[in-house]
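What follows is the residue order along each chain.
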Amino acid sequence: MTYEKRAYRFFDMLDLGFEPRDYLFPDFEGEYYGNLDMKCWGKTPMALAAYITLDDGRKVKCNAWQNKDNYFGIADMPFDSRIRIVLEKNSKGRSCLVEASLVSENGGGNE
């Protein structure tokens, strides 16, 4: 599906038929590759949720923040792009997005 906006609001995303409940916050660390399925503006204007299907099939939701290089660059990445993400546990033991980069637009090949 082709999306026209930079990111969507939650209810607009639902109206498009996207199901965010299929995506879970990660509980693991490491470097991963996957496809950027959807982007949704958070409840605060400084948050952006990225919905990503990893190469191993897991579907994860990662939050990015405006003060981290424009949401780690995710805000400007096209939908269905192939991306690389790095997850690390914070001091509370929660996995957090600490890095993201565009590998290729429109799904690309495996790395």
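Definitions and limits used
Per-chain numbering applies: the sequence of each chain, read as written, is numbered from 1 onward. pLDDT decides what is reported in this predicted model: residues at 70 or higher carry local features, side-chain atom pairs at 80 or more are listed and counted, and totals for whole chains, interfaces and linings draw on all residues regardless. Note: side-chain values were computed over all heavy atoms of the structure, leaving out hydrogens and water. Two strands are said to pair when DSSP picks up at least two bridges between them. Helix and strand assignments come from DSSP, with helices taken as H or I runs of at least 4 residues and strands as E runs of at least 2, each series counted from the N terminus. For every residue, the accessible area (1.4 Å probe, protein chains only) is compared with the maximum for its type, and the residue is labelled buried under 20%, exposed over 50%, or partly exposed between those bounds. Throughout this description, a polar contact denotes any pair of N or O atoms lying within 3.5 Å of each other; where both atoms belong to protein, one of them has to be capable of donating a hydrogen while the other can accept it, and for residues adjacent in sequence the pair is counted only when both atoms sit in side chains. By the convention used here, residues are in contact when the closest approach between their heavy atoms is within 4.5 Å.

Chemist: How would you summarise the pairing of strand β5 (residues 95–104) if you had to cite specific residues and measurements?
Modeler: Relative to β5, strand β4 (residues 82–89) runs antiparallel, the two sharing eight bridges. Each bridged residue has a counterpart across the sheet, and for Lys89 the counterpart in β5 is Ser95. Count of turn residues in the β4/β5 antiparallel hairpin: five residues, of which Gly93 carries a positive phi of about 85 degrees.

Chemist: Give me the lowdown on the pairing of strand β2 (residues 47–54), citing residues and values where you can.
Modeler: Among the eight residues in β2, seven count as buried, and that is most of the element. Pairing between strand β1 (residues 30–41) and β2: seven bridges, direction antiparallel. Looking at the pairing, Cys40 lines up with Ala49 of β2. Linking β1 to β2, which pair antiparallel, is a turn of five residues. Where β2 and strand β3 (residues 59–65) come together, seven bridges link them in antiparallel fashion. The residue of β3 that forms the bridge with Tyr51 is Lys61.

Chemist: Give me the side chain of Arg84: which residues, what numbers.
Modeler: Along the polypeptide, Arg84 turns up in strand β4. Using a relative accessible area of 15% as the deciding quantity, one classes Arg84 as buried. Polar side-chain contacts of Arg84 include one of 2.4 Å to the side chain of Glu31. Apart from residues lying up to four places away in sequence, Arg84 is in contact with Glu31, Tyr32, Tyr33, Glu99, Ala100, Ser101 and Val103.

Chemist: Kindly report on the environment of Phe25, identifying the contributing residues and their values.
Modeler: Structurally, the position occupied by Phe25 is in the loop between α1 (10–15) and β1. In this structure the C-alpha to C-alpha distance between Phe25 and Ile85, which are 60 residues apart in sequence, comes to 13 Å. Those residues in contact with Phe25, other than ones at most four positions away along the chain, are Lys61 and Asn63.

Chemist: For the environment of Met77, give the residues involved together with the corresponding values.
Modeler: Among the secondary structure elements, Met77 is positioned in the loop between α2 (69–72) and β4. As for Met77 and Thr44, which are separated by 33 residues in sequence, their C-alpha atoms are 20 Å apart. In contact with Met77, other than residues within four places in its own chain, are Leu36, Lys39, Phe72, Ile83, Ala100, Ser101 and Leu102.

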